[in-house]
Amino acid sequence: MTDDAAGAAALALLRSVAQRVDVASQLESPAGETILRSVVDAAVVLMRAEAASIALYDPPRDRLVFRVAAGEQGQGVVGLEIRPGDGVAGYVFASGEPLAIGETTVDSRFERGAAEQTGYVPRSLVAVPLTDDAGTIGVLEVLDRRDGSPFDLADIEAATVFARQATVAIRATSLERETVGLLRAALLALAARDDEGPALDERALDALVGAIATDLDDRQAEDGGESRGAWRLADAVARTRTASPDQMALVLDILEALAHRAGRATSRYRAGRR
Amino acid sequence: MTMPAWSEAFISATRGSGRLSRERPFGHLDRAEAFGGVDGTGLTVAVIDSGVEANHPAIGDRLVRSVRVEVDGDSTEIVGDDGSDVVGHGTAAAGIIHSIAPGAELVSIRVLGPDNRGKGVAFLAALEWAIQQGVSVVNLSLSSKSEALYADFHALADQAYFANVLLVSAANNVPGPSYPSLFAAVVSVAAHDIRDPWVWFYNPAPPVEFGAYGVDVNVAWRGGRSVVTGNSFAAPHISGLATLIRAKHPGISPFETKAILAATANDPT
């Protein structure tokens, strides 16, 4: 089989896999972003603020990118990119130290560069890092109390709780993404053992694995450069072609759980396998 | 996971809960004996932060040197900096220290900013350089969460302690590791909400042993002034006080400085 033929067989198999189950695309959810949005919405309401936003660090581009915002005044910030370490958000990201700022005198150039691009210059703000044991992944900013009063230590504490929620959501989303990789690889392994499916030799499998690797890497680049761990995990599961029946049963259980989450029944796969 | 709310022991609403109460082993130490009549002259305080605006009126021309850490992969180099502050935070810290110990010389070591956003290796290099320079006090408004750097930070904290250099760090309010702010050799500080730089509390329950003014502090900021809140504005108050104590009692060790800070702390009422 030529490389091209192997690649074509690989893509054909991928397509058939995709047709049989599109859990992957459903799991590539904007769910993480939806949770982030609900976090900033809640922060605005509960902290009685004009606006709130979350910026996440994008390693390939080395930028903090504002992903979601709440409050009428805050929307202009979405999509804005700043250098990590630049301005108050950058400082908080880099130092890991939460802080609140208010009543900055006019001659200070405080955040104006970024703020003016968004059409909204805050009078006061709380900025806290999105941090867990694994490190800092972004910043939550809450801007301007509606009644004009300053933010205090309790606001820093509150914002820290919201930031914690956001961090958990983001970590869960990337875990989900890794699970998608796992699912795809597991499907591949199943298909390769499936007598009714397209036949696949080693080279075709390599090409397929390569295709999935590229796919995963592209996705990782788009989503902010997750570790290669997802791919390594998928690769490991892809090798379950040679796995024991117990291990394959585990893979099927994982598939079932994932498919159930996506609202689909998997009984036919299980039935087809036994 | 519960959040360590380091300030809770120190703020007005919860300070009376008794967490800070204890028998004072040596009674009160008179503040005049502890640091009366000195202004920090003869000592140097290093500020590891976002840089310090050299010509800011709040610094009183006491900034004698500005450097920054350049990072290239894992290698670092200390190079001269231009005496500017890319955020305002370092100027705020230096301004607070200067307001308490106006005679002390200030050295700025910039590790935060767009070009080297607080990488652990830069922070390590800055700390090592400050210790080598023989400064009396190092004010740290940042900490690293890198487990990989734990041993390096621990070694440097010990090195500072034995070299008689006092490290004062803002407590980090986020969960997980925080180096060197949680090391025993370091003076770790959280904010209280009494608007008085001369009020500080001692908390006998580690790791955050001191609470200082850190709420609605009017500070020097890049190009002006600002009103700010955070542990990183409490730490420089303790840095300034420690500088006075060390000026009054030349040669005292970090643990003696800490003991005097505790013995002169306000009662938690």
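Nothing here was measured: the structure is a model prediction, and the numbers come from that model. (Residues numbered from 1 in each chain as written. Chains lettered and ligands numbered in written order. Predicted model: local features only at pLDDT ≥ 70, side-chain atom pairs only at ≥ 80, totals over all residues. Heavy atoms only, no water.)

Chemist: Describe the overall build of chain A, listing the residues and the values that go with them.
Modeler: Secondary structure summary: chain A contains ten helices and six strands in total. A burial count over chain A gives 50% of its 274 residues as buried. A total accessible area of about 12700 Å² is found for chain A, and carbon and sulfur atoms account for 52% of it. (Helix = DSSP H or I, 4+ residues; strand = E, 2+ residues; numbered from the N terminus. Buried < 20%, exposed > 50% of the residue type's maximum accessible area, 1.4 Å probe, protein only. Areas by Shrake-Rupley, 256 points an atom, 1.4 Å probe, with all protein chains shown as cover.)

Chemist: An account of the interface of chain B and chain A is needed here, citing residue identities and associated values.
Modeler: The interface is formed by 43 residues belonging to chain B together with 40 residues belonging to chain A. Around 3100 Å² of area is buried between chain B and chain A when both sides are counted, 57% of it from carbon and sulfur atoms. Along the contact surface separating chain B from chain A lie zero salt bridges. At the boundary of chain B and chain A, one finds six residue pairs in polar contact (both at pLDDT 80 or more). Those elements giving two or more residues to the side of chain B that touches chain A turn out to be strand 11 (224–229) and helix 6 (231–248) of chain B. (Contact = heavy atoms within 4.5 Å. Buried area = accessible area lost by both parts, 1.4 Å probe. Salt bridge = Lys/Arg side-chain N within 4 Å of Asp/Glu carboxyl O. Polar contact = N/O pair within 3.5 Å; in protein donor to acceptor, adjacent residues only side chain to side chain.)

Chemist: Tell me about unusual backbone geometry, and please be specific about residues and values.
Modeler: Omega for the peptide link from Y179(B) to P180(B) comes to 0°, which places this bond in the cis form. Structurally, P180(B) can be placed in the loop between strand 6 (166–170) and strand 7 (187–192). Backbone geometry at D144(A) places phi at a positive 55°, although glycine is not the residue there. Tracing the chain through its elements places D144(A) in strand 6 (residues 135–145). Notably, D61(B) is not glycine yet its phi reads approximately 60°, a positive angle. With respect to the element layout, D61(B) can be found in the loop between strand 1 (44–49) and strand 2 (63–72). Owing to a relative accessible area of 66%, D61(B) belongs among the exposed residues under this scheme.

Chemist: Pulling in residues and values, what's your account of the sheet that holds strand 10 (residues 217–221) of chain B?
Modeler: Sheets are built from strands paired through backbone hydrogen bonds, the pairs being either parallel or antiparallel. Taken together, eight strands build an open sheet; the order of strands is 3(A)-2(A)-1(A)-6(A)-5(A)-4(A)-11(B)-10(B) and the sheet is antiparallel. Taken across any chain shown, the strands that pair with only one partner, and hence form the sheet edges, are strand 3 (81–82) of chain A together with strand 10 of chain B. One ladder, built from three bridges, connects strand 4 (residues 99–102) of chain A with strand 11 of chain B; its direction is antiparallel. Following the sheet pairing, A100(A) is matched in strand 11 of chain B by T229(B). Along the sheet, helix 4 (residues 87–95) of chain A makes contact with strand 1 (49–58), strand 2 (63–70), strand 3, strand 4, strand 5 (124–132) and strand 6 of chain A together with strand 10 of chain B, crossing strand 6 of chain A at roughly 140°. (Pairing = 2+ DSSP bridges. Axes fitted to C-alpha atoms, helices over the stretch in contact; angles between N-to-C directions.)

Chemist: Outline the sheet that holds strand 3 (residues 75–80) of chain B, listing residues and values.
Modeler: All names here are of chain B. In spatial order, the strands read 3-2-4-1-5-6-7-9-8; together these nine strands make up an open sheet with mixed pairing. Of all the strands in the sheet, the pair left with one neighbour each is strand 3 and strand 8 (201–202). Relative to strand 6, strand 5 (residues 137–140) runs parallel, the two sharing four bridges. When the sheet's bridge partners are listed, V138 is paired in strand 6 with L167. Contacting strand 1, strand 4 (105–110) and strand 5, helix 3 (residues 89–100) runs over the sheet at an angle of about 155° to strand 1.

Chemist: Describe the pairing of strand 3 of chain B, with residues and values.
Modeler: Residue and element names in this part refer to chain B. Here six bridges tie strand 2 to strand 3, and the two strands are oriented antiparallel to one another. Paired with E70 across the strands is E77, a residue of strand 3. Hairpin connection from strand 2 to strand 3: two residues lie between these consecutive antiparallel strands, with G73 at a positive phi of about 65°.

Chemist: For the packing of aromatic side chains, give the residues involved together with the corresponding values.
Modeler: Summed over the entire model, instances satisfying the criterion amount to ten aromatic pairs over all chains. Summarising the aromatic geometry, the rings of Y57(A) and F93(A) are spaced 5.1 Å apart at their centres and angled 35° between planes, so their arrangement reads as tilted. Residue Y57(A) is found in strand 1, and its partner F93(A) is found in helix 4; the two are separated by 36 residues along the sequence. A centroid spacing of 5.5 Å and a plane angle of 50° characterise the contact between Y202(B) and F210(B), whose relative ring orientation is tilted. The residues Y202(B) and F210(B) share a single accessibility class, namely buried. Counting every residue linked through ring pairs, the aromatic cluster contains F35(B), W198(B) and W200(B). (Phe/Tyr/Trp six-rings, centres within 6.5 Å; stacked < 30°, edge-to-face > 60°.)

Chemist: Explain the packing of helix 6 of chain B against helix 7 (residues 254–263) of chain B to me, using residue names and the numbers behind them.
Modeler: Residue and element names in this part refer to chain B. One way to put it is that helix 6 packs onto helix 7 with a least axis distance of 10 Å and a crossing angle of 110°. Classified by the angle their axes make, helix 6 and helix 7 are roughly perpendicular. The chirality of how helix 6 crosses helix 7 is right-handed. Between helix 6, through I238, L241, A242, I245 and R246, and helix 7, the contact on the second element is made entirely by P254, T257, I260 and L261. Across the contact of helix 6 with helix 7, the residue classes break down as seven nonpolar, one polar and one charged. (Parallel < 35°, antiparallel > 145°, perpendicular 65-115°, else oblique. Left-handed = near helix turned anticlockwise from the far one by under 90°. Nonpolar A, V, L, I, M, F, W, Y, C, P; charged D, E, K, R; others polar.)

Chemist: An account of the environment of I194(B) is needed here, citing residue identities and associated values.
Modeler: Residues and elements named next belong to chain B. Looking at the element boundaries, I194 is found in the loop between strand 7 and strand 8. Distance from I194 to G240, taken between C-alpha atoms, is 17 Å for residues 46 residues apart in sequence. Excluding residues that lie within four positions of it along the chain, I194 makes contacts with S12, R15, V199, F201 and Y213.

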